[in-house]
Amino acid sequence: MTSHQSTQTMKPATAAKKLGVYLEATPAEFREGVVSRTELNALQADPPQWLQDLRRNGPHPRPVVAAKLGISIAGLARGGITEALTTEQIDALKRDLPEWLQKERATQAEVRKEAARIKEKQAKSADQPR
């Protein structure tokens, strides 16, 4: 009796998320099929031209947009950004630095500072004998 290991596959949306690209901007053959773990690894190791172009120019999914702007995804929504943006649009926002973006960056900096403070406090309390 031999055991056959099934090929692990995922939906295109999951693969796009793992690749950090906007699903609707991917080629039709990518969106309409399923992606195996092997195919995903191959795309990550040696990205085809379409994937390189998407990563470079966009449109980018909201998590990537938020990271490039240095804010949270919720901050994007508060700023009225609900769609994918291109690299050019992101660069324009960075240049123009609207008030909402400045505010969200400040908020994000406070969140990071507070997280670091809590982590440091927990590390100190873990080091102290009881």
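The notes below deal with the structure included here.

Quick notes on the rules
- Residues numbered from 1 in each chain as written.
- Predicted model: local features only at pLDDT ≥ 70, side-chain atom pairs only at ≥ 80, totals over all residues.
- Heavy atoms only, no water.
- Helix = DSSP H or I, 4+ residues; strand = E, 2+ residues; numbered from the N terminus.
- Expected span 1.5 Å × (residues − 1).
- Buried < 20%, exposed > 50% of the residue type's maximum accessible area, 1.4 Å probe, protein only.
- Contact = heavy atoms within 4.5 Å.
- Phe/Tyr/Trp six-rings, centres within 6.5 Å; stacked < 30°, edge-to-face > 60°.
- Arc of directions from axis to C-beta.

### A short note on unusual backbone geometry
Inference 1: Here the amide bond leading from Gly-58 into Pro-59 is cis, since omega sits at 10°, within 30 degrees of zero.
Inference 2: One can find Pro-59 in the loop between helix H4 (49-57) and helix H5 (62-69).
Inference 3: For Leu-97, which is not glycine, the phi torsion reads 45° and is therefore positive.
Inference 4: Note on placement: Leu-97 falls in the loop between helix H7 (87-96) and helix H8 (99-127).

### Overview of H8
Given 3.6 residues per helical turn, the α-helix brings residues three or four places apart onto the same face.
Inference 1: In this model H8 runs 42 Å from its N-terminal to its C-terminal C-alpha over 29 residues, within 8% of the 42 Å that 1.5 Å per residue would give.
Inference 2: Along H8, the positions that sit buried rather than exposed are Leu-101, Glu-104 and Gln-108.
Inference 3: Elements that come into contact with the buried residues of H8 comprise H5, helix H6 (73-78) and H7.

### Quick look at the packing of aromatic side chains
Inference 1: Per the stated rule, a full pass over the model turns up one aromatic pair.
Inference 2: Considering the side-chain rings of Phe-30 and Trp-50, the 5.4 Å spacing of their centres and the 55° angle between planes classify their relative orientation as tilted. Of the two residues, Phe-30 sits in helix H2 (residues 28-32) while Trp-50 sits in helix H4, which places them 20 residues apart along the sequence.
Inference 3: Classification of Trp-50 by relative accessible area gives partly exposed; the value is 26%.

### Thoughts on H7
Inference 1: When we look at burial in H7, the residues that qualify are Thr-87, Ile-90 and Leu-93. Within H7, the buried residues cover an arc of 120° as seen down the axis, which keeps them to one side. Seen from the open side of H7, the exposed residues pointing more than 90 degrees away from its buried face are Glu-88, Arg-95 and Asp-96.
Inference 2: Just beyond H7, the residue with positive phi is Leu-97, at close to 45°.

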